[in-house]
Amino acid sequence: MVADGKLYTSRYIRKLPQTTGQYWEAAYIAQCNNPSCLKWNHRSVEPDFSGEECVSCHETIEHFRWNQAIEPRKGFVADAKPKDVSMRKPDKVYRSDDFYIGDKQRQVIKKYAFIIQDENSFQMETSINDFLMVVCNDDFYVCPHCGYAESVSENMENASFNSHQKTLEKKHIAPWGKACEIKLIKNKLCHVFKTDVVRLVFSTPQSGKQDVMLSVMYALLEALSSVLDIERNDIKGCLHKVIYNGNLIYSIVLFDAVAGGAGHVRRLVTEDGEQFRKVVEKALAITKGCNCSPSCYSCLRNYYNQKIHDKLNRKYAYNFLKKYAGELEPITNEKFYNFC
């Protein structure tokens, strides 16, 4: 963070005074080892030795793959001595990603399925107090006593450093100014939050292609913001793999960017599907009306999705969504295919 011409670095994961007996919030996270899934999973308590089922592909994630992670809910403490701001523009580093982790106890408000043009079908559901998780892509060596932390990437320039080591010997200064010589322990950082969620599942083989679904997701977000007059930064999205008709495909998860939810994305889900139809029409206009290749800041790109600019293609989004434009026919219960 830059303030008053100085560069402040978050150096400590804040802990309350030890006299209170309070420690960091902890969780257990693991990435599915199925190469076609690789979904991050979350548990509030340590899984038993039989492992846990992946929330996406439902394959078992073995016990040894689960690692304890810190949820820094009490915030951070900055280095005592800030640095002068460099005149060189810092390199852009993408530190975290959002993942839908769901909750069996989530409250599903509405769930509908529709068919368009006699062959293209999709399902959508909306829930409140649903769970998402932010996972930091970098690991950190953290002092269990004072909270001092260094990222793995900070140590990569050290020739003797091994990124696989579980501990790191590093003399450091505690935030209260005293020397601390306790070993740093390797940890993941994550943050779980609840918000309003809409899940969309499309019954087409194209749903199995990541670049296609990312392009569709951002086209829908731009259109949803415009049609329902929602501040664009108040809504976000991520992809979540589900088993649909026996195949592992990408569903689109749209959610309110504010913790607890604000009811924005839930307005998309209506019994007649009219709001969805309007959003699709707007998304088609956005992607068709641009002359860029493959995408630009006038259609799919924005500051926050720079990491995947090379994967966004307006033509992918247009060709996908045009199959879902037009009058929507509700699917009866006999034709309703549940997704996991």
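Refer to the preceding data block for the structure.
Fair warning: this is a prediction, and the values are worked out from it, not measured in the lab.

**A short note on the overall build of the protein**
Scanning the protein for helices and strands turns up three helices and 22 strands. Computed over its C-alpha atoms, the radius of gyration of the protein comes to 23 Å, within 12% of the 20 Å expected for a compact globule of 340 residues. For the protein, the spread of C-alpha atoms along the principal axes amounts to about 70 × 50 × 40 Å. Within the protein, contacts between residues separated by at least 24 positions form 68% of all contacts whose residues are at least 6 apart in sequence. Element-wise, carbon and sulfur atoms account for 48% of the exposed surface of the protein, whose accessible area totals about 18400 Å².

**Remarks on the packing of aromatic side chains**
The final tally for this structure, using the stated rule, is 13 aromatic pairs. Ring-pair connections join several aromatic residues into one group, and the members of that group are Tyr112, Phe114, Phe122, Phe202, Phe276, Phe320 and Tyr324. Over the aromatic face of tryptophan 24 sits the side chain of lysine 15, whose NZ or CZ is 4.7 Å from the ring centroid.

**Regarding the pairing of strand β19 (residues 184-202)**
Within β19, 15 of the 19 residues are buried, which leaves the element mostly enclosed by the surrounding structure. Summarising the sheet, strand β8 (residues 67-71) and β19 pair through two bridges and their orientation is parallel. Residue pairing for β19: isoleucine 70 is matched across the bridge by leucine 189. Relative to β19, strand β13 (residues 120-136) runs antiparallel, the two being bridged by twelve bridges. When the bridges of β19 are listed, serine 127 appears paired with valine 197.

**Let's talk about unusual backbone geometry**
Backbone torsion omega between serine 293 and proline 294 reads 0 degrees, so that peptide bond is classified as cis. Tracing the sequence through the fold places proline 294 in the loop between α2 (274-288) and α3 (314-321).

**Focus: a positive patch on the surface**
Taken together, the side chains of Lys209, Lys288, Lys322 and Lys323 make up a positively charged region of the molecular surface. As for its position among the elements, lysine 209 is in the loop between β19 and α1 (210-227).

**A short note on the sheet that holds strand β2 (residues 6-7)**
Taken in spatial order, the three strands line up as β1-β2-β10 in an open sheet, and their pairing is antiparallel. Each of the sheet's edge strands pairs with one partner strand only, and the pair in question is β1 (2-3) and β10 (83-84). Two elements, β2 and β10, share two bridges in a ladder whose sense is antiparallel. Looking at β10, one finds that lysine 6 is bridged to aspartate 84.

**Focus on the nonpolar core**
Counting residues in hydrophobic clusters, the biggest one holds 46 residues, and the most contacted among them are Ile252 and Leu254. For this core, the secondary structure elements donating two or more residues are β12 (107-116), β13, β19, α1, β20 (235-244), β21 (247-256), α2 and α3. A total of eleven residues in this core trace back to one element, the largest contributor, which is α1. Among the nonpolar cores identified, the runner-up in size contains eleven residues, and Tyr12, Cys143, Tyr148 and Val152 belong to it.

**What to know about the side chain of glutamine 123**
Residue placement: glutamine 123 occurs in strand β13. Side chain to side chain, glutamine 123 and tyrosine 244 meet in a polar contact 3.5 Å long.

**A look at the packing of α1 against α3**
Interaxial distance between α1 and α3 falls to 8 Å at its minimum, and their mutual angle equals 80 degrees. Between α1 and α3, the angle falls in the class roughly perpendicular. Touching Asp211, Val212, Met213, Ser215, Val216, Ala219 and Leu220 of α1 are Tyr316, Ala317, Phe320 and Leu321, all from α3. Split into classes, the residues belonging to the contact of α1 with α3 amount to nine nonpolar, one polar and one charged.

**Quick look at the environment of arginine 106**
Summarising the element assignment, arginine 106 is placed in the loop between β11 (96-100) and β12. Accessibility expressed as a relative area gives 22% for arginine 106, which makes it partly exposed. C-alpha of arginine 106 to C-alpha of aspartate 130: the two residues are 24 residues apart in sequence and 5.4 Å apart in space. Ignoring any residue separated from it by four or fewer positions in sequence, one finds arginine 106 in contact with Tyr100, Glu125, Ser127, Ile128, Asn129, Asp130 and Arg199.

**Here we look at α2**
Look at α2: 21 Å from first C-alpha to last across 15 residues, which is about the 21 Å you get at 1.5 Å a residue. When we look at burial in α2, the residues that qualify are Phe276, Arg277, Val279, Val280, Ala283, Leu284, Ile286 and Thr287. Those residues of α2 hidden inside the fold are in contact with β13, β19, α1 and α3.

**Some remarks on a nonpolar patch on the surface**
A cluster of nonpolar side chains, Val2, Leu7 and Val85, forms an exposed patch at the surface whose accessible area comes to about 220 Å². Summarising the element assignment, valine 2 is placed in strand β1. Owing to a relative accessible area of 56%, valine 2 belongs among the exposed residues under this scheme.

Rules and cut-offs
- Residues numbered from 1 in each chain as written.
- Predicted model: local features only at pLDDT ≥ 70, side-chain atom pairs only at ≥ 80, totals over all residues.
- Heavy atoms only, no water.
- Helix = DSSP H or I, 4+ residues; strand = E, 2+ residues; numbered from the N terminus.
- Rg over C-alpha atoms; globule rule 2.2 N^0.38 Å.
- Contact = heavy atoms within 4.5 Å.
- Areas by Shrake-Rupley, 256 points an atom, 1.4 Å probe, with all protein chains shown as cover.
- Phe/Tyr/Trp six-rings, centres within 6.5 Å; stacked < 30°, edge-to-face > 60°.
- Lys NZ or Arg CZ within 6 Å of the ring centre and 35° of its normal.
- Buried < 20%, exposed > 50% of the residue type's maximum accessible area, 1.4 Å probe, protein only.
- Pairing = 2+ DSSP bridges.
- Patch = residues over 30% accessible without salt bridge, like charges linked within 9 Å, V, L, I, M, F, W, Y side chains within 5 Å.
- Salt bridge = Lys/Arg side-chain N within 4 Å of Asp/Glu carboxyl O.
- Lys, Arg positive; Asp, Glu negative; His and termini not counted.
- Charge placed at Lys NZ, Arg CZ, Asp CG, Glu CD.
- Core = buried A, V, L, I, M, F, W, Y, C linked by side-chain atoms within 4.5 Å.
- Polar contact = N/O pair within 3.5 Å; in protein donor to acceptor, adjacent residues only side chain to side chain.
- Axes fitted to C-alpha atoms, helices over the stretch in contact; angles between N-to-C directions.
- Parallel < 35°, antiparallel > 145°, perpendicular 65-115°, else oblique.
- Nonpolar A, V, L, I, M, F, W, Y, C, P; charged D, E, K, R; others polar.
- Expected span 1.5 Å × (residues − 1).

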